[in-house]
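Below are the chains, spelled out letter by letter.
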Amino acid sequence: LSSRTEKDIVEKTEGVTSFGFVSKSSSIIAINASIKMAFKLYEANLRLEREKEELRTLLQSIGDAVIATDNEWKIIRMNPIAENLTGWKFSEVFGKSIEEIFRLLDSKTKKLIQQPTLLSLQNSTGLSNHFLLLAKNGIEYQIAASCSPIRDVSGNFTGIVLVFRDISQEFEILRKIET
């Protein structure tokens, strides 16, 4: 609430975390409505922040590695398990292409598999086979992975979610049993 309505004062006020601007010369009805709207906006912001925190906590708590991208294959989310397996910190890879970070090798030929996430989405099959994940530090992990498109409420493609886990120990046990 201000008696000043000069452009520079209003702009300064906008820079402060605020929920509205009302001139003192406004009617009591307008002031009352503005205050009610400010409280509603404040409560909505609190709810949004709580929901965002719940989603962050959920992602951090998942036992499998999870990487999510936008519709241009740029990484927008990554949990600690994915950081451990890929060898990359989320802060290092945010906005980078998933193909730079998630490098898969054919487990038999050890050849780099080109754009596995793109191929799996084009074929609508997911990544259910076993692959070797080549981490940043050169360590190879036998993994099982799946990849799904992310779609908005209108069905538009907005990215992918890639879920994978280290199955190196299980794979080694099976290999010993088979020999």
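The notes below deal with the structure included here. What you see is a predicted model, and the numbers here were worked out from it, not measured in a lab.

The rules we used
Residues numbered from 1 in each chain as written. Predicted model: local features only at pLDDT ≥ 70, side-chain atom pairs only at ≥ 80, totals over all residues. Heavy atoms only, no water. Phe/Tyr/Trp six-rings, centres within 6.5 Å; stacked < 30°, edge-to-face > 60°. Helix = DSSP H or I, 4+ residues; strand = E, 2+ residues; numbered from the N terminus. Buried < 20%, exposed > 50% of the residue type's maximum accessible area, 1.4 Å probe, protein only. Patch = residues over 30% accessible without salt bridge, like charges linked within 9 Å, V, L, I, M, F, W, Y side chains within 5 Å. Areas by Shrake-Rupley, 256 points an atom, 1.4 Å probe, with all protein chains shown as cover. Salt bridge = Lys/Arg side-chain N within 4 Å of Asp/Glu carboxyl O. Core = buried A, V, L, I, M, F, W, Y, C linked by side-chain atoms within 4.5 Å. Pairing = 2+ DSSP bridges.

Turning to the packing of aromatic side chains, a few remarks are in order. For the structure on display, the rule yields three aromatic pairs. Pairing tryptophan 73 with phenylalanine 157 gives two aromatic rings, centres 5.7 Å apart and planes at 50°, and the pair type is tilted. Taken together, the residues tryptophan 73 in the loop between β1 (65-69) and β2 (75-78) and phenylalanine 157 in strand β7 (residues 157-166) connect sequence positions 84 residues apart. Given the relative accessible area of 17%, tryptophan 73 is considered buried. Residue phenylalanine 157 is classed as partly exposed on the basis of its relative accessible area of 27%.

Attention now goes to a nonpolar patch on the surface. A contiguous nonpolar patch, built from Leu55, Leu58 and Ile62 and spanning about 290 Å² of accessible area, is present on the exposed surface. For isoleucine 62, a relative accessible area of 34% corresponds to the partly exposed category.

With that settled, the discussion passes to the nonpolar core. Within the largest apolar cluster, 23 residues are counted, with the highest numbers of intra-cluster contacts made by Ile67, Ile98, Phe102, Leu133, Ile143, Leu162 and Phe164. Listing elements by their share of this core, those giving two or more residues are β1, β2, α3 (80-86), α5 (98-101), β5 (130-134), β6 (140-151) and β7. Sort the elements by how many residues they give to this core and β6 lands first, with four residues.

With that settled, consider the pairing of β1. The element β1 is largely enclosed, with a buried count of five among its five residues. Neither face of β1 is open: one carries Ala65, Ile67 and Thr69, the other Val66 and Ala68, and all of them are buried. With four bridges joining them, β1 and β7 adopt antiparallel strand pairing. Looking at the pairing, alanine 68 lines up with valine 161 of β7. Connecting β1 to the antiparallel partner β2 that follows it, the hairpin turn spans five residues, and tryptophan 73 within it adopts a positive phi of roughly 70°.

Strand direction decides the pairing type here: β6 and β7, joined by nine bridges, are antiparallel. Bridged to serine 146 within β7 is valine 163.

Here we take up the pattern of salt bridges. Under the counting rule described, the total for this entry stands at five salt bridges. With its nearest N and O atoms 2.9 Å apart, the salt bridge here joins lysine 110 to glutamate 140. Of this pair, lysine 110 sits in the loop between β3 (103-106) and β4 (112-113) while glutamate 140 sits in strand β6, placing them 30 residues apart in sequence. By relative accessible area, lysine 110 is classed as partly exposed at 47%. On the accessibility criterion, glutamate 140 (33% relative accessible area) is partly exposed. Note that glutamate 170 is salt-bridged to arginine 165, the shortest N-O span being 4.0 Å. With a relative accessible area of 41%, glutamate 170 lands in the partly exposed category.

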